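Coordinate inspection notes
If you want the building blocks of each chain, they are given just below.
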Amino acid sequence: LTTITGKLSPRADLWVYLLVSTSAALATLVMATSSSTILETVAIAMTSLALIVALFVSLEFRFQPSRDRLTKSFGNEHNNMTMELIFALFALLLWCFVMGVV
């Protein structure tokens, strides 16, 4: 896959895979919950938030300027913190919480 401004990062496909798997998980949660308990509602909300994060990052990876903002390091030389890493950790925490509830 290429964009107008160049080749896509290999990680762009991984974010799309996360988007698809989160969509499948959300669909499964919605279909499987017959009685809406508070934990089921929270699990659906957290999975929806993970879906939004995956959608946002996968769309941002499609274009060079936004991809550069996501992957630009803003830490010091020993700390390579990027916005992509923050979004990935947030998505991981959401998934861990939802899997703990389910």
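Owing to the predicted nature of the structure, the values given are computational and were not obtained by experimental measurement.

Time to look at the packing of helix 1 (residues 10–32) against helix 4 (residues 83–101). One way to put it is that helix 1 packs onto helix 4 with a least axis distance of 13 Å and a crossing angle of 25 degrees. Judged by the angle between their axes, helix 1 and helix 4 are roughly parallel. By crossing handedness, the relation of helix 1 to helix 4 is classed as left-handed. Every residue of helix 4 that contacts helix 1 at Arg11, Trp15, Leu18, Ser21, Thr22, Ala25 and Leu29 is listed here: Glu84, Phe87, Ala88, Ala91, Trp95 and Val98. The class makeup of the residues in the contact of helix 1 with helix 4 is 9 nonpolar, 2 polar and 2 charged.

Glancing now at the side chain of threonine 22. Looking at the secondary structure, you find threonine 22 in helix 1. Exposure remark for threonine 22: the relative accessible area of 0% places this residue in the buried category.

This part is about helix 1. For helix 1, spanning 23 residues, the distance from its first C-alpha to its last is 34 Å, which sits close to the expected 33 Å at 1.5 Å a residue. Here helix 1 has its buried residues at Ala12, Trp15, Leu19, Thr22, Ala25, Leu26 and Leu29.

For the rest of this paragraph, the subject is the pattern of salt bridges. Think of it this way: side chains of opposite charge can pair up when their charged atoms draw near. Overall, the coordinates contain 2 salt bridges when judged by the stated rule. One salt bridge connects glutamate 60 with arginine 69, and the closest N-O pair in it is separated by 3.7 Å. Note on arginine 69: relative accessible area 54%, which makes it exposed.

Along its 19 residues, helix 4 runs 27 Å from first to last C-alpha, staying within 8% of the 27 Å computed at 1.5 Å per residue. Along helix 4, the positions that sit buried rather than exposed are Glu84, Phe87, Ala91, Leu94 and Val98. In a view along the axis of helix 4, the buried residues occupy a sector of 90 degrees, so they form one face of it. Projecting away from the buried face of helix 4 at angles above 90 degrees are the exposed residues Leu93 and Gly100.

Glancing now at the confidence of the model for the protein. Here the protein shows a mean pLDDT of 84. Residues at 70 or above account for 93%. The spread of mean pLDDT over the elements of the protein runs between strand 1 (residues 2–3), the lowest at 47, and helix 2 (residues 38–60), the highest at 91.

Another point: the nonpolar core. Counting residues in each nonpolar core, the largest one holds 9 residues, listed as Leu8, Ala12, Trp15, Val53, Val57, Phe61, Leu70, Phe87 and Ala91. Elements with a contribution of two residues or more to this core: helix 1, helix 2 and helix 4. If we skip the residues at most four places from it in the chain, tryptophan 15 touches Ala54, Val57, Ser58, Phe61, Glu84, Phe87 and Ala88.

Relative to the assigned elements, lysine 72 resides in the loop between helix 3 (64–71) and helix 4. Of the residues examined, lysine 72 reaches a relative accessible area of 59% and is grouped as exposed. Through-space distance from the C-alpha of lysine 72 to that of alanine 32 is 40 Å; in sequence the pair is 40 residues apart. When near neighbours in sequence (up to four residues on either side) are disregarded, lysine 72 contacts Met81 and Thr82.

Quick notes on the rules
Residues numbered from 1 in each chain as written. Predicted model: local features only at pLDDT ≥ 70, side-chain atom pairs only at ≥ 80, totals over all residues. Heavy atoms only, no water. Axes fitted to C-alpha atoms, helices over the stretch in contact; angles between N-to-C directions. Helix = DSSP H or I, 4+ residues; strand = E, 2+ residues; numbered from the N terminus. Parallel < 35°, antiparallel > 145°, perpendicular 65-115°, else oblique. Left-handed = near helix turned anticlockwise from the far one by under 90°. Contact = heavy atoms within 4.5 Å. Nonpolar A, V, L, I, M, F, W, Y, C, P; charged D, E, K, R; others polar. Buried < 20%, exposed > 50% of the residue type's maximum accessible area, 1.4 Å probe, protein only. Expected span 1.5 Å × (residues − 1). Salt bridge = Lys/Arg side-chain N within 4 Å of Asp/Glu carboxyl O. Arc of directions from axis to C-beta. pLDDT = per-residue confidence, 0-100. Core = buried A, V, L, I, M, F, W, Y, C linked by side-chain atoms within 4.5 Å.

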